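A structural walkthrough
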Amino acid sequence: QISINKAKLEGEIGNFHLALKNSESILKKVKRIIGENSIEAALLSNNIGTYYTLKGDFTTATINVKAALDIYNKIYIDSHPNIAECYNNLGLLEMKKANFDDALDYFEKSCKIYVEVYREAVDLNINYVKVLNNMGIVFAKKGEYEKATSNLLICIKHWTNIFDNDHIELANAYNNLGVLFILQ
């Protein structure tokens, strides 16, 4: 677990090359020692997918995120936040490839799981609100400004319930809304 956290930390501080190298090395060991269908293997595969996305290698990123999704679907009987995170990551990949309808499908699957898991507290889940924001961006890219505005206003409402008024996520949501108004 310490090695997994160290690799993730490398990614969080922007050292994606080292994070990718370490994560791939750790994944080989995890598969050999713990098993190919372990939570650790899924976590690493999803992280590796993120690093490949940042490198612009969307094909390899998709393979890794889908591998993580397959493992999580074998492990968890019902909906789980890790599955929702994979769907969000697949949505982000499709958004980067300008496959907006596919991106929305993945984002909707992610939202549905978060709602199932967190129910009435879903509005306070940071990852759920991030997916709503991603959907707003996709709607804007598709030229569906009314839907985009609706999603971004919902995000702003949720962010104000979660964070102080000077939080970066709230600032990003206002920025996205401002860009949207310029586009219209």
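Quick caveat: nothing in here was measured; it's all calculated off a predicted structure.

Some details on the overall build of the chain
Helix and strand content of the chain: nine helices and zero strands. Ordered by position from N to C terminus, the α and β elements of the chain give α-α-α-α-α-α-α-α-α. Taking 2.2 N^0.38 as the reference for a compact globule, 184 residues should give roughly 16 Å; the C-alpha atoms of the chain span a radius of gyration of 17 Å, in line with that estimate. Its C-alpha atoms give the chain principal-axis dimensions of roughly 50 × 35 × 30 Å. For the chain, buried positions account for 44% of its 184 residues. For the chain, restricting intrachain contacts to residue pairs at least 6 apart in sequence, the fraction spanning at least 24 positions comes to 54%. A distance of 7 Å separates the average location of the 20 positive side-chain charges in the chain from that of its 22 negative side-chain charges.

Brief notes about the state of the cysteines
In total, this model carries zero disulfides according to the counting rule given. This cysteine, Cys86, is not joined by any disulfide, and Cys111 carries the nearest cysteine sulfur, 15 Å off. Among the cysteines around Cys155, which has no disulfide bond, Cys111 carries the closest sulfur, lying 8.9 Å off. Given a relative accessible area of 0%, Cys155 falls into the buried group.

A few points about the packing of helix α2 (residues 16-33) against helix α3 (residues 39-55)
It is at 9 Å that the axes of α2 and α3 come closest, and there the two elements cross at 150°. As summarised for this structure, α2 and α3 are arranged roughly antiparallel, according to the angle between their axes. The handedness of the crossing between α2 and α3 is left-handed. On α3, the residues touching Phe16, Ala19, Leu20, Ser23, Glu24, Ile26, Leu27 and Val30 of α2 are Glu40, Ala41, Leu44, Ser45, Ile48, Tyr51, Tyr52, Leu54 and Lys55. The class makeup of the residues in the contact of α2 with α3 is 12 nonpolar, two polar and three charged.

Re helix α4 (residues 58-75)
Over its 18 residues, α4 extends 26 Å from the first C-alpha to the last, a length consistent with the 26 Å expected when each residue adds 1.5 Å. Considered for burial, the residues of α4 that qualify are Ala61, Thr62, Asn64, Val65, Ala68, Leu69, Ile71 and Tyr72. Its buried side turned inward, α4 meets α3 and α5 (81-96).

Topic: the environment of Ile48
With respect to the helices and strands, the residue Ile48 is situated in helix α3. Sequence-wise, Ile48 and Thr62 are 14 residues apart; in three dimensions their C-alpha atoms are separated by 9.8 Å. Among all residues touching Ile48, those that are not within four sequence positions of it are Leu20, Ser23, Glu24, Leu27 and Asn64.

Details of unusual backbone geometry
The backbone of Ala98 sits at a positive phi, close to 65°, despite the residue not being glycine. For Ala98, the location among the structural elements is in the loop between α5 and α6 (100-118). Positioned with a positive phi, Arg119 is a non-glycine residue whose angle comes to about 45°. The exposure class of Arg119 is exposed, given its relative accessible area of 59%.

A look at the packing of aromatic side chains
Overall, the coordinates contain four aromatic pairs when judged by the stated rule. Measuring from centroid to centroid gives 6.1 Å for Tyr87 and Tyr106, while their planes differ by 25°, and the two rings are stacked. A residue pair is termed long-range when its members are at least 10 positions apart, and Tyr87 in helix α5 and Tyr106 in helix α6 qualify at 19 residues. We classify Tyr87 as buried; its relative accessible area is 14%. Between the aromatic rings of Trp159 and Phe163, the centroid separation amounts to 5.3 Å while the plane-to-plane angle is 25°, which identifies the pairing as stacked. The buried category is assigned to Phe163, whose relative accessible area is 19%.

Rules behind the numbers
- Every chain's residues receive numbers from 1 upward, in the order its sequence appears when written.
- In keeping with the model being predicted, local features are shown solely for residues with a pLDDT of at least 70 and side-chain atom pairs are shown and tallied solely at 80 or more, while totals for entire chains, interfaces and linings include all residues.
- Only hydrogens and water are removed before side-chain values are computed, so all heavy atoms of the structure are retained for them.
- Numbering of helices and strands runs from the N terminus, with a helix taken as a DSSP run of H or I at least four residues long and a strand as a DSSP run of E at least two residues long.
- Using C-alpha atoms as the atom set, the radius of gyration is obtained and then compared with a globule rule of 2.2 Å times the number of residues to the power 0.38.
- We call a residue buried when its accessible area falls under 20% of the maximum for its residue type, exposed when it is over 50%, and partly exposed in between, using a 1.4 Å probe and counting protein chains only.
- Two residues form a contact once any of their heavy atoms are found within 4.5 Å.
- None of His or the chain ends enter the tally, which takes Lys and Arg as positive and Asp and Glu as negative.
- Each charge is placed at NZ for Lys, CZ for Arg, CG for Asp and CD for Glu.
- The criterion for a disulfide is a pair of cysteine sulfur atoms lying within 2.5 Å.
- Structural elements are reduced to axes, namely lines fitted to C-alpha atoms, with helices fitted over the stretch in contact, and the angle between N-to-C directions of any two is expressed from 0 to 180 degrees.
- Each angle receives one of four descriptions, namely roughly parallel if under 35 degrees, roughly antiparallel if over 145, roughly perpendicular if within 65 to 115, and oblique otherwise.
- Whether a crossing is left-handed or right-handed is set by the direction in which the near helix is turned from the far one by less than a right angle, anticlockwise for left-handed and clockwise for right-handed.
- All amino acids are sorted into three groups, where Ala, Val, Leu, Ile, Met, Phe, Trp, Tyr, Cys and Pro are nonpolar, Asp, Glu, Lys and Arg are charged, and the leftover types, Gly among them, are polar.
- Take the residue count of a helix, subtract one, and multiply by 1.5 Å to get its expected span.
- Each Phe, Tyr or Trp ring (for Trp, its six-membered ring) is paired with any other whose centre lies within 6.5 Å, and the angle between the two planes then decides the class: stacked below 30 degrees, edge-to-face above 60, tilted in between.

In short, shape yes, function no, at least from these values alone.
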